[in-house]
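# An overview of the molecular structure
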Amino acid sequence: MSSENKNKNRAFITGVTGQDGSYLADLLLAKDYEVHGLVRRSSSFNRERLEHIYKDAQSTENIFLHYGDLTDSSSLARLIEKINPDEIYHLGAQSHVRVSFDVPVYTAEATAVSTIRLLEAIRETRIKTKFYQASSSEMFGRVREVPQRETTPFYPRSPYAAAKVYAYWAAVNYREAYDMFVCNGILFNHESPRRGESFVTRKITIGIADILAGSKDKLYLGNLEARRDWGYAPEYVEAMWLMMQQERGDDYVIATGETHSIREFLDVAFDLAGIKDWRQYVEIDPRYYRPTEVDILLGDASKAREKLGWQPRTSFPELVKIMLEADCKSLGVQLVSTERREQIGVGCADIDEKAKLYVNDVLNNERLSHGPYSLRLENEFAKLHACSSALLVNSGTSALQLAVAALKQVYNWQDNEEILCPAVTFVASANVILMNNLKPVFVDVSEQSYNIDPAQIERHITEKTKAIMVVHLFGQPADMDPIIEIAKKYNLKIIEDSCETMFVKYKGRPVGSFGEISCFSTYMAHLITTGVGGLVCTSNSVHAETLKSLANHGRDSIYLQIDDDKNLSAERLEQTVARRFKFIQLGHSFRLTEMEAALGVAQLERKDEILEKRRENAQYLIEGLGPLQAELQLPSWPAYCEHAFMMFPLVIKKESTVQKKDLVMHLEKHNIETREMLPLTNQPFYEKMYGDLESRYPVARWINNNGFYIGCHQKLFRGDLDYIIKCFHNFFL
Ligand code: NAP
Ligand code: GDD
């Protein structure tokens, strides 16, 4: 004890490492007490609930922990004499009812006899102190009346309850026999995020968080019919303190006056998690039954309200929410309720702390354009896609624009020559062809993959055809083998528009490595994001130089490369200074900033995790929507290629009578975002240029009339996916 602390109230708490003890320590420290706590030695760490206290310098000065054990009389007496407390809160106990059937004698020692040990120590040392006994509603057991109040007779139903009855009467007896200030707080169940993990409420909220995180499938419980009066623990420790500030020691019931079954707790908690039917996640395990059960507890706290001015403030649903949110937060799971206010979007911003750190690093280092992060992103991205170089640009569209421009220049294509491109793709794939004064010629797509249909390609080839723009849509690679064969036969170049697909392989070879040039997008909601941005990759050094120059105002790319070289010879330096701002052709300004690249590097570091979660989510949706397969075409892909699940496409089958408009509206009304699959054949701009396209591209028309996509991104958790699945099933009921 420091000399400054001499005038402070001093409290001694047994069970300070438990739920109530830790909240009480918080409360007393806030009231400027000097707090002493009893901790028992344990091989593993048992002070988690007190960790936050040690982050606050002032609190640290006022808390003192002492080793001891409730079963060891001498240590308790010694501590009481040494601390000389004004108030003793005896909260320590073997507090688990089910466990007390397994260790009844130990429970009697720790829960019953410990009270006598402390009371005797007070009596023998003659210390003037107040004493709080943590009594329990379990003492009412097989209840004699409902609700239970201070005068209700006890009928204990477990070794734990019997121990608490013993301790209760010991406390009353010492008050009466020795005129000591002793209170019994007869507290009904009270819970919180600090509740022990084997008590039913916490077991449920942790279990749900695990289910949402995908780390567990089931929750095993015992009797679901028992009813408890559940309150919020921080409010209950306030009641303890209030009891100790009265003129005389007395006994008080502390309760909410509401009772709920375990079933009702499950209803509220799973509902908050967006899971309507908890029965599929909960299994009964008879091991959790108790030989004798307490069926109903309901407290009447009128006396506490009148004498202490205490009443509960947190409602039952609020309590469940506080606990579930805390457990979800600690597992990094986002909680969404079935009464959805937030939309389930097709994409997400998934920026972690590392990304913020990297971006900050750039800002601190003040190198804001192409720097070390850009270089790292380019090198690693190129390697992952089996290309020898990658160039960061400010969008996927810029990447495409450059790819077409570079090839047009290198191969000397003439204006109005043609490039084949799928009839279903984002409009940028075709736009960039036009912007380079070439003509996009559409090819219908496959009914399964929605990618360009190799069987349709040859009939669109003319002597003006120069290239095939292959698009890997929604995360699924196009069928490259037959496309490569056709390209060889007609001497066509391949450009890969892989804006929606990265990090996946077709027959063991990475997408992006098939074309002369391949293009990727890091736009928001793509597999990795830099906000807006893109990469253009190639293994051809001439293309690489051309791309670099075109992206940077047409500068001489040789001097772009040596800009950063610190070890230039004097002659080379002179040459560089003279030539580095020479523009050898017409070019764009398509560069990406270093901040965006830093974001991209952080995202790239997480690519496996992102991809795995998307695949897991897609698989879960496929299984959940499986029963609707007669009506809906779900994503399917051949075993020889991987899927990155940038999106989750769905098309209403031809034989279904369902209207797309109705299904989409149903989903949107339930806050599930949908997007068109974007066939080019019904875009007003292209219709104006080419006339009626729909009749010429039947698969694209079918997709336009019946297809849409939803998200399956990495931030959707089980509750979201169950909610999506449920909404689909409700529609088709
Ligand atoms: P808890 O979280 O289980 O905490 C029990 C505390 O007792 C822990 O700090 C534990 O230390 C300590 N302890 C157990 N055996 C000990 C021993 N032999 N020597 C020293 N310390 C020992 O319980 P709680 O929920 O905070 O409840 C506090 C008290 O109120 C208990 O007496 C309980 O029976 C009673 N009560 C609780 C409720 C309720 O709903 N929570 C209702 C009525 C009454 P470790 O951390 O090392 O395990
Ligand atoms: N623990 C637990 N685990 N209880 C289950 C489970 C399970 O898997 N399944 C059903 N239950 C039922 C129990 O049978 C009991 O009827 C009810 O859920 C509540 O159990 P607990 O949360 O373990 O609390 P308790 O009421 O037995 O005891 C708690 O409250 C008492 C106050 O009434 C403890 O904190 C005691 O220390 C406290 O005195």
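Of the regular secondary structure elements, the chain holds 26 helices and 25 strands. Its C-alpha radius of gyration of 35 Å places the chain more than 25% over the 27 Å reference for a compact globule of 733 residues. Along the first, second and third principal axes, the C-alpha atoms of the chain reach 110 × 75 × 40 Å. When the 733 residues of the chain are sorted by exposure, 57% land in the buried category. Look at the contacts in the chain between residues 6 or more apart in sequence, and 75% of them connect residues 24 or more apart. Carbon together with sulfur atoms contributes 49% to the accessible area of the chain, which is approximately 31900 Å² in total.

The next subject is the pairing of strand β4 (residues 87–90). Neither face of β4 is exposed, since Glu87 and Tyr89 on one face and Ile88 and His90 on the opposite face are all buried. Sheet topology note: the strand β1 (residues 10–14)/β4 ladder contains 4 bridges and is parallel. The residue bridging Ile13 from the neighbouring strand is Tyr89, located in β4. Pairing of β4 with strand β5 (residues 130–136) involves 4 bridges; the strand directions are parallel. Bridge assignment links Glu87 to a residue of β5, and that residue is Lys130.

So, on to the sheet that holds strand β25 (residues 707–710). Sheet strands pair by backbone hydrogen bonding; their relative direction is either parallel or antiparallel. Strand order in the open sheet made by the 3 strands is β23-β24-β25, with antiparallel pairing throughout. In this open sheet, the two strands that pair with only one neighbour each are β23 (632–633) and β25. Here 2 bridges tie β23 to strand β24 (residues 648–652), and the two strands are oriented antiparallel to one another. Bridge pairing links Leu632 to Ile652 in β24. Taken strand by strand, helix α22 (residues 607–625) contacts β24 and β25, and its axis lies near 25° from that of β24. Its contacts with the sheet place helix α26 (residues 718–732) against β23, β24 and β25, and it is angled at close to 150° to β25.

Moving on, we come to the site of ligand 1. Taken together, 24 residues are adjacent to ligand 1, and Thr17, Asp20, Leu91, Ser95 and Tyr160 come closest. In this structure, an oxygen atom belonging to ligand 1 sits 2.9 Å away from a main-chain N or O atom of Gly18. A distance of 2.9 Å separates a nitrogen atom of ligand 1 from a polar side-chain atom of Tyr106. Taking 900 Å² as the accessible area of ligand 1 by itself, protein coverage stands at 90%.

On to the packing of α22 against α26. It is at 10 Å that the axes of α22 and α26 come closest, and there the two elements cross at 30°. By the angle between their directions, the pair α22 and α26 is classed as roughly parallel. Classified by chirality, the crossing of α26 by α22 is right-handed. Here Asn617, Tyr620, Leu621, Gly624 and Leu625 of α22 come into contact with α26, specifically with Arg718, Leu721, Asp722, Ile724, Ile725, Phe728 and His729.

Let us look at the packing of helix α7 (residues 200–213) against helix α11 (residues 316–330). To characterise two packed helices, one gives the angle between the axes of the helices and the distance between these axes. At a closest axis distance of 9 Å, the pairing of α7 and α11 adopts a crossing angle of 45°. The pairing of α7 with α11 is recorded here as oblique in orientation. Every pair of crossing elements has a handedness; the one defined by α7 and α11 is right-handed. Within the contact between the two elements, α7 uses Thr201, Arg202, Thr205, Ile206, Ile208, Ala209 and Leu212 and α11 uses Val320, Met323, Leu324, Asp327 and Cys328. A per-class count over the contact of α7 with α11 returns 8 nonpolar, 2 polar and 2 charged.

Okay, the nonpolar core next. Core analysis: the biggest nonpolar cluster contains 80 residues, and Phe381, Leu402, Ile419, Phe442, Met469 and Val536 have the highest contact counts within it. With 8 residues, helix α14 (residues 396–411) is the largest single contributor of residues to this core. Excluding anything up to four places from it in sequence, Ile419 contacts Val404, Trp413, Ile433, Leu438, Lys439, Pro440, Val441, Ala467, Ile468, Met469 and Ile495. Residues Trp278, Tyr281, Val282 and Leu716 belong to the second largest nonpolar core, which totals 58 residues.

Take the packing of aromatic side chains next. Geometry of an aromatic ring pair is reported as the spacing of the ring centres plus the angle between the planes. According to the stated counting rule, one finds 27 aromatic pairs in the structure shown. Aromatic side chains Phe270 and Tyr281 sit 6.1 Å apart centroid to centroid with 15° between the ring planes, which places their arrangement in the stacked category. Placement of the pair is Phe270 in helix α9 (residues 262–272) and Tyr281 in the loop between α9 and β13 (282–284), with a sequence separation of 11 residues. Three or more aromatic residues joined by ring pairs make a cluster, and in this case those are Phe140, Phe154, Tyr168, Trp169 and Phe188.

Attention now goes to the domain arrangement of the chain. Taken domain by domain, the chain consists of domain 1 (3–330) and domain 2 (353–604). A separation of 63 Å is found between the C-alpha centroids of domain 1 and domain 2.

It is worth spelling out the site of ligand 2 at this point. Ser136, Ser137, Tyr160, Asn189 and Arg290 are the nearest of the 24 residues found near ligand 2. Between ligand 2 and Lys203, the relevant distance is 2.7 Å, taken from an oxygen atom to a side-chain nitrogen or oxygen of the residue. Protein chains bury 96% of the 720 Å² of accessible surface belonging to ligand 2 in isolation. Every element with two or more residues in the shell around ligand 2 is listed here: α7 and β8 (219–221). Per-class residue counts for the shell around ligand 2 are 10 nonpolar, 8 polar and 6 charged.

Next up on the list: the pattern of salt bridges. Tallying each qualifying case throughout the model produces 38 salt bridges. Two residues, Arg149 and Glu145, come together in a salt bridge whose shortest N-O distance is 3.3 Å. The exposure class of Arg149 is partly exposed, given its relative accessible area of 30%. Residue Glu145 is classed as partly exposed on the basis of its relative accessible area, which comes to 28%. By sharing partners, the salt bridges in this structure join Lys354, Arg376, Glu380 and Glu605 into a single network.

A few words on the pairing of strand β22 (residues 534–538). The buried fraction of β22 is high, at 5 of 5 residues. Residues of β22 alternate between two faces, with Gly534, Val536 and Thr538 on one and Leu535 and Cys537 on the opposite face, all of them buried. Both strand β14 (residues 389–393) and β22 contribute to a ladder of 5 bridges, which runs antiparallel. Paired with Ser389 across the strands is Thr538, a residue of β22. As judged from the 5 bridges shared by strand β21 (residues 517–521) and β22, these two strands associate in the antiparallel manner. Looking at β22, one finds that Phe520 is bridged to Leu535.

Right, let's get into the environment of Ile344. Positionally, Ile344 belongs in the loop between α11 and α12 (353–365). It is 53 Å that separates the C-alpha atoms of Ile344 and Asn9, two residues lying 335 residues apart in sequence. If sequence neighbours within four positions are ignored, Ile344 has contacts with Asn671, Ile672, Glu673, Leu716, Asp720, Tyr723 and Ile724.

Cut-offs used in this document
Residues numbered from 1 in each chain as written. Chains lettered and ligands numbered in written order. Predicted model: local features only at pLDDT ≥ 70, side-chain atom pairs only at ≥ 80, totals over all residues. Heavy atoms only, no water. Helix = DSSP H or I, 4+ residues; strand = E, 2+ residues; numbered from the N terminus. Rg over C-alpha atoms; globule rule 2.2 N^0.38 Å. Buried < 20%, exposed > 50% of the residue type's maximum accessible area, 1.4 Å probe, protein only. Contact = heavy atoms within 4.5 Å. Areas by Shrake-Rupley, 256 points an atom, 1.4 Å probe, with all protein chains shown as cover. Pairing = 2+ DSSP bridges. Axes fitted to C-alpha atoms, helices over the stretch in contact; angles between N-to-C directions. Near = heavy atom within 4 Å. Polar contact = N/O pair within 3.5 Å; in protein donor to acceptor, adjacent residues only side chain to side chain. Parallel < 35°, antiparallel > 145°, perpendicular 65-115°, else oblique. Left-handed = near helix turned anticlockwise from the far one by under 90°. Nonpolar A, V, L, I, M, F, W, Y, C, P; charged D, E, K, R; others polar. Core = buried A, V, L, I, M, F, W, Y, C linked by side-chain atoms within 4.5 Å. Phe/Tyr/Trp six-rings, centres within 6.5 Å; stacked < 30°, edge-to-face > 60°. Domains from an automatic or database assignment. Salt bridge = Lys/Arg side-chain N within 4 Å of Asp/Glu carboxyl O.

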